[in-house]
Amino acid sequence: MSSQPLSQNQERFELNLGPQHPATHGVLRVKLLMDGEYIVDAEPVLGYIHRMHELMGENRSWAQYLPNMGRLDYLSALSYNLGYVELVEKMAGIEVPERAEYIRVITTEMNRISSHLLWFGAFVLDLGGFTPLLYAFDDREQILDLLEAVTGSRLTYCYYLFGGCYNDVEDDFLSGCLAFVKRLRTRLPMYHNLVTKNVILRQRLEGVGPVSAEMCRKYGATGPVLRGSGINYDLRKNEPYSIYPELDFDVPVYPEGDSMARFMVRMDEMEQCLRIIEQAIAKIPEGPVMAEKVPKMIKPAAGDYYHAVEAARGTFAIRAVSDGANQAYRMKLRSPTFSNLSLFQEASRGMLLADGLAFMGSLDLVIPEIDR
Amino acid sequence: MAGYFTNILGGAKSLVVGLSITQRQFFKKPITLQYPWESLEMTPRYRGHIQLIKNAESGTHQCISCGMCEKSCPSDCITIKGEKQEGVKGKVLVKYELDFTKCSLCGQCIANCKPGAIEFSREYNLASTRKEDFHYDLLKRLKEQK
Ligand code: SF4
Ligand code: SF4
């Protein structure tokens, strides 16, 4: 910490938030210029967990890049798995059996709920409420158990393959999901009673960290941040992929643009995920989970390809350039929280430090995905 | 002024509601398992490090030393060696080493193994201060298996 007096009655100082700070949930460093308790400027500094994921995509075969997808946003790894396999399927023209599509959607939505539950617990923990974290983890544990029985892992999933899924799911899993849907429906009202209606939480979130729709456009913010600023944009509706067009669900949008709006978007999104899961389980057909003819060596035609999916935190997109070889010529990953974090600098000016942390929590940052 | 008191009342109510939820939860059965005294059964699909499958009839593995697992592994974890031996058709596996420190449990090796000679183990109680402890000789491991 260095201090440099600017004038007699005004003293500004620099403050390092992170790279090891509980509120940044990972190795993110924010260089703050403070005027007393107020943030004058906040500059996010990245690079502490850079693993060259994009370069890795360029020096291994398409299939060998699969495990990397579980290690970007480790909290909603299945959305990333989905984005990547759909891209390669698009490139190589592989048809996916219908049952596999349903399994993918069910597991991805379960993963989305688990990601939101973890955010919910950790966010309230940031604000000083410890108990909800334990309840949220209790529910999240159920999801992890279900997904573990199918995918074999609890966090860094690598479950989808080009042309389908690694293995079929049992009826046990489907009935377990339905039981979980029922359970979470009784738990969500409890969360609202315990947390959403809590006066301390409301005072810390309402009106704090306003992000306008204009600012979202400027920085390319997506996901709950964008939908909390009143823009109805969800790739599952706007650029439908997989079987989402066949399912009936709403996209929660709140126009206020404050931290409370982003909080509510995620809470409501969990309810919508439950609806999606329920419908998908009711409709899931029998059949194979792997396409019959998937080439061992995938060599897509030369060209420029792009695919985007709605991950738990916003738009995850991949652009891959192929020169006809068994590996990508160029791999570019577009991760949602990188853009969502970018608006922090502008939006946090003049904020109290404590509000700044609440604001940062409401952006739902996952550092390994910002810093690939 | 009226807003001031409704605020206090509303706040007090939300605290009472919150505390009553906490109280109800307080009397529920704990869900925490007291590891290591208690532990969960691993699910059949749990991904531990890979191992050679023991064929119940022949008492040995099915590997044909084709090297597909070695080639498909993203992290070069696997080293195998097959040898021509007198009187045996095809190659005989003489070495199957796994460097588990680099393995990401992606399953590419298993997906690419035509004869289905390898699988994930259910091993999770692994801890050591030496890297070398995670370099497994899977052939030796297979022999030691009952
Ligand atoms: S699971 Fe993946 S990383 Fe591990 S040995 Fe097999 S191919 Fe290699
Ligand atoms: S792919 Fe299967 S059969 Fe071929 S070397 Fe590996 S374990 Fe043996």
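You'll find the structure just up there.
Below is a summary of the structure that appears in this document. (Residues numbered from 1 in each chain as written. Chains lettered and ligands numbered in written order. Predicted model: local features only at pLDDT ≥ 70, side-chain atom pairs only at ≥ 80, totals over all residues. Heavy atoms only, no water.)

Right, let's get into the site of ligand 1. For ligand 1, the full set of nearby residues is Cys73(B), Pro74(B), Cys77(B), Ile78(B), Leu98(B), Cys103(B), Ser104(B), Leu105(B), Cys106(B), Gly107(B), Gln108(B) and Cys109(B). For the shell around ligand 1, the residue count by class is nine nonpolar, three polar and no charged. (Near = heavy atom within 4 Å. Nonpolar A, V, L, I, M, F, W, Y, C, P; charged D, E, K, R; others polar.)

What follows covers the sheet that holds strand S7 (residues 303–311) of chain A. All names here are of chain A. The strand order across the open sheet formed by three strands is S7-S8-S9, and the pairing between neighbours is antiparallel. The sheet terminates laterally at S7 and strand S9 (330–334), the two strands that pair on one side only. Adjacent strand axes in the sheet meet at a mean angle of 10 degrees, parallel and antiparallel pairs treated alike. In terms of strand pairing, strand S8 (residues 314–322) meets S9 through five bridges, oriented antiparallel. By the bridge assignment for S9, Ala 320 is matched with Met 331. (Pairing = 2+ DSSP bridges. Helix = DSSP H or I, 4+ residues; strand = E, 2+ residues; numbered from the N terminus. Axes fitted to C-alpha atoms, helices over the stretch in contact; angles between N-to-C directions.)

Our next topic: the interface of chain B and chain A. In this complex, chain B contributes 27 residues to the contact, which on the side of chain A involves 29 residues. When chain B packs against chain A, close to 2,300 Å² is buried across both sides, 52% of that on carbon and sulfur atoms. One salt bridge connects Arg45(B) with Glu170(A), and the closest N-O pair in it is separated by 2.7 Å. There are twelve residue pairs in polar contact (both at pLDDT 80 or more) connecting chain B and chain A. Secondary structure elements with two or more residues in the side of chain B that touches chain A: helix H1 (2–26), helix H2 (68–72) and helix H3 (108–111) of chain B. Among the elements that make up the side of chain B that touches chain A, the one with the highest residue count is H1(B) (eight residues). (Contact = heavy atoms within 4.5 Å. Buried area = accessible area lost by both parts, 1.4 Å probe. Salt bridge = Lys/Arg side-chain N within 4 Å of Asp/Glu carboxyl O. Polar contact = N/O pair within 3.5 Å; in protein donor to acceptor, adjacent residues only side chain to side chain.)

Residues and elements named next belong to chain A. Trp 62, Tyr 84, Ile 113 and Phe 263 are the most contacted members of the largest nonpolar core, which has 92 residues in total. Setting aside its immediate chain neighbours within four residues, Tyr 84 contacts Trp 62, Tyr 65, Leu 66, Met 69, Phe 162, Ile 318 and Met 331. One finds Val 30, Ala 42, Ala 347 and Leu 365 within the second-largest nonpolar core, a separate group that totals 26 residues. (Core = buried A, V, L, I, M, F, W, Y, C linked by side-chain atoms within 4.5 Å. Buried < 20%, exposed > 50% of the residue type's maximum accessible area, 1.4 Å probe, protein only.)

Quick look at the environment of Leu32(A) now. All names here are of chain A. Checked against the element boundaries, Leu 32 lands in strand S3 (residues 29–35). Taking relative accessible area as the criterion, Leu 32 reaches 2% and is therefore assigned buried. It is 36 Å that separates the C-alpha atoms of Leu 32 and Tyr 157, two residues lying 125 residues apart in sequence. Among all residues touching Leu 32, those that are not within four sequence positions of it are Phe 13, Glu 14, Leu 15, Leu 17, Ile 39, Asp 41, Ala 42 and Leu 353.

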